[in-house]
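# Chains, contacts and geometry: an overview
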Amino acid sequence: MVSPGKNPGAQGAERFFGSLKALAAAFLAIAQTRLELFSAELEEEWIRLVAILRWVLAALFCAALGVVFATLFVVFALWSTHPLLALGIPAVLFFLAGVLAWRVVDAKVKSKPRLFAASLAELEKDRETLIPRP
């Protein structure tokens, strides 16, 4: 029964706005969880990228020193007898090394996991939960 002095329409409006507040709070909690997951994935990706870049720089430095010394060795060893061969062998080797390096980089880029895969999967679950398919 309706208590005297209270408007039944006002009680319905209070319940409606209370439900609306609860729904908004649930959506905010979902959004906060997803943003935290996104932030964690972004940080993991950044750490992975920095580690890869460090190794790339170390590899490039060592490879560059090796290439310089190997080239000097070949040029000095063959210059007096075959000067064109002394320059041609390193040129061919550098070209082949460049092709090989490009293929390795291409394979690494293609094998990388999809960015923010966990966040996207969780958002897909949320969408399926909130909007059931017929």
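Residues numbered from 1 in each chain as written. Predicted model: local features only at pLDDT ≥ 70, side-chain atom pairs only at ≥ 80, totals over all residues. Heavy atoms only, no water.

### Comments concerning the overall build of the protein
Helices and strands together make up the secondary structure of the protein, namely three helices and zero strands. Listed N to C, the secondary structure of the protein is α-α-α in terms of helices and strands. Against the compact-globule benchmark of 14 Å for 134 residues, the protein has a radius of gyration of 32 Å, which places it well outside the compact range. Taking the principal axes of its C-alpha atoms as reference, the protein extends roughly 115 × 30 × 15 Å. Classification of the 134 residues of the protein by burial places 7% in the buried group. (Helix = DSSP H or I, 4+ residues; strand = E, 2+ residues; numbered from the N terminus. Rg over C-alpha atoms; globule rule 2.2 N^0.38 Å. Buried < 20%, exposed > 50% of the residue type's maximum accessible area, 1.4 Å probe, protein only.)

### Some words on the pattern of salt bridges
Scanning the entire structure with this criterion turns up two salt bridges. Linking Lys110 and Asp106 is a salt bridge whose minimum nitrogen-to-oxygen distance equals 3.3 Å. Of the two residues, Lys110 and Asp106 are both situated in helix 2 (residues 83-111); the distance of four residues between them amounts to about one turn of the helix. Judged by relative accessible area, which is 64%, Lys110 ranks as exposed. (Salt bridge = Lys/Arg side-chain N within 4 Å of Asp/Glu carboxyl O.)

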